[in-house]
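# Examination of the molecular architecture
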Amino acid sequence: MKKLLSALALLSLLGGCATHQSPTGRGQTLLFSPAEMNQLGAASFEEMKKQQKISKDSKVNAYVGCVANRVTAALPDKSQRWEVVVFDSPQVNAFALPGGHIGVYTGLLKVAENQDQLAVVLGHEVAHVLAQHSNEQVSRAQMTGTGLQLANVALGAGGIANRDLYMAALGLGALVGYILPFGREQESEADVMGLELMARAGFDPRAGTVLWQNMAKAGGAQGPELLSTHPSHNTRIRDLARLEQQVMPLYEAARASGVKTCQMTK
Ligand SMILES: [Zn+2]
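The following paragraphs examine the structure supplied in this document. The shown structure was predicted, so the numbers you read here are calculated from the model rather than taken from an experiment. (Residues numbered from 1 in each chain as written. Predicted model: local features only at pLDDT ≥ 70, side-chain atom pairs only at ≥ 80, totals over all residues. Heavy atoms only, no water.)

So, about the state of the cysteines. All told, the structure shown has 1 disulfide when counted by the stated rule. The side chain of Cys 66 participates in a disulfide bridge whose partner is Cys 262; the two sulfur atoms lie 2.0 Å from each other. Disulfide Cys 66-Cys 262: the torsion about the S-S bond is -75°, which places it as left-handed. In this pair, Cys 66 is assigned in helix α3 (residues 58-73) and Cys 262 in the segment after α12 (236-256), connecting sequence segments 196 residues apart. Judged by its relative accessible area of 13%, Cys 66 falls in the buried class. (Disulfide = S-S within 2.5 Å. Helix = DSSP H or I, 4+ residues; strand = E, 2+ residues; numbered from the N terminus. Buried < 20%, exposed > 50% of the residue type's maximum accessible area, 1.4 Å probe, protein only.)

The following block contains the structure:
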């Protein structure tokens, strides 16, 4: 009986949520509320900060903070505060979590060679959050990975059930050891939204193709960590080249109104 009730609860939720639309008009199944996702994001970020070495290099922190702040300042929602942490690790990786958390690994700075390329990555990561892709991922994991346990999900008070699964679904697979990659549609959506966001922030969108080409070349046999959770596809560079031209006017307008340059001080 209990199982049946859970199944019914899930079906009614699915019915209620299937009508969600992503910012580019894609249908989305979202089983969690924004408040639940923010809670999950915050808990996961705290876990990251406990388990990983945080960079205390003031120059690196200032540089990454400068780029991240300009990107998030260009978001329509000005009320959200964003926490930015640099992790001291050779991983070529970065992520953003619901609730306003950004993590950048120092290894990324070897692949993203300047402020514009770093802004490509951060715009892309923030776009995943904005479009609620982690909600989609966690919802999918909930439906496929753990069956009809929705009623038993305890976020917060009772501890996070299936904590590793949720962290993997948030894109933190490298930490917990298994990977739930974003889908191709989610990747394209994050490219579109991310490039527009960084251009609005006054970063040169033409860095998009360069960054993803650098990324494809980097990281040895296994490739960079970022590509394991954010799979690339073979039309990506072509799509990006077209997008770059589309958002150039946003970049030029931002430049004309004056933006500060983010640079690593020597
Ligand atoms: Zn991605």
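The rest of the description comes next.
Its 18 residues place the ends of helix α2 (residues 34-51) 26 Å apart at the C-alpha level, agreeing with the 26 Å of an ideal helix rising 1.5 Å per residue. Where α2 is concerned, the buried positions are Met 37, Leu 40, Gly 41, Ser 44, Phe 45, Glu 47 and Met 48. Considered in projection along α2, the buried side chains sweep an arc of 160° and stay on one side of the axis. The exposed set on the far side of α2, more than 90 degrees from its buried face, consists of Ala 35 and Lys 50. (Expected span 1.5 Å × (residues − 1). Arc of directions from axis to C-beta.)

In this section: the sheet that holds strand β3 (residues 83-87). Read across the open sheet, the 3 strands follow the order β3-β5-β4; overall the sheet is mixed. For this open sheet the edge positions go to β3 and β4 (94-97), each flanked by a neighbour on one side alone. Strand-to-strand twist in this sheet, taken as the mean axis angle between neighbours without regard to direction, amounts to 15°. Contacting β4 and β5 (101-105), helix α5 (residues 115-130) runs over the sheet at an angle of about 30° to β4. (Pairing = 2+ DSSP bridges. Axes fitted to C-alpha atoms, helices over the stretch in contact; angles between N-to-C directions. Contact = heavy atoms within 4.5 Å.)

Okay, the nonpolar core next. Among the nonpolar cores identified, the biggest contains 45 residues, and Leu 108 and Leu 118 are the most heavily contacted of them. Where this core is concerned, the elements lending two or more residues are α3, β4, β5, α4 (108-111), α5, α9 (184-200), α10 (207-217) and α12. Apart from residues lying up to four places away in sequence, Leu 118 is in contact with Tyr 63, Val 64, Val 67, Leu 108, Leu 109 and Ala 112. In this structure, Leu 31, Phe 87, Leu 97 and Val 138 belong to the second largest nonpolar core, which totals 18 residues. (Core = buried A, V, L, I, M, F, W, Y, C linked by side-chain atoms within 4.5 Å.)

Time to look at the pairing of β5. Most of β5 is tucked away, with 5 of its 5 residues classed as buried. Of the two faces of β5, the one holding His 101, Gly 103 and Tyr 105 and the one holding Ile 102 and Val 104 are both buried throughout. In this structure, β3 lies alongside β5, joined through 5 bridges in parallel fashion. Its bridge partner being in β5, Glu 83 is matched across the sheet by His 101. The sheet contact formed by β4 and β5 spans 4 bridges and is antiparallel. Bridged to Ala 96 within β5 is Ile 102.

For any pair of aromatic rings, geometry is given as the distance between the ring centres together with the angle between the planes. Scanning the model with the defined rule gives 5 aromatic pairs in all. Arranged with centres 6.2 Å apart and planes meeting at 25°, the rings of Phe 87 and Phe 95 form a pair that is stacked. With a centroid separation of 5.5 Å and an interplanar angle of 35°, the aromatic rings of Phe 87 and Tyr 105 are classed as tilted. Remark: Tyr 105 occurs in strand β5 and Phe 87 occurs in strand β3; sequence separation between them is 18 residues. Taking relative accessible area as the criterion, Tyr 105 reaches 3% and is therefore assigned buried. Lying across the ring of Trp 212, Arg 236 places its NZ or CZ 3.8 Å from the centre. (Phe/Tyr/Trp six-rings, centres within 6.5 Å; stacked < 30°, edge-to-face > 60°. Lys NZ or Arg CZ within 6 Å of the ring centre and 35° of its normal.)

Glancing now at α5. Its 16 residues give α5 an end-to-end C-alpha distance of 21 Å, which sits within 8% of 22 Å, the value for a rise of 1.5 Å per residue. The N-terminus of α5 is capped by Asn 114, whose side-chain oxygen sits 3.1 Å from the backbone nitrogen of Asp 116. The positive-phi residue at the C-terminal boundary of α5 is Gln 132, with phi of around 55°. (Polar contact = N/O pair within 3.5 Å; in protein donor to acceptor, adjacent residues only side chain to side chain.)

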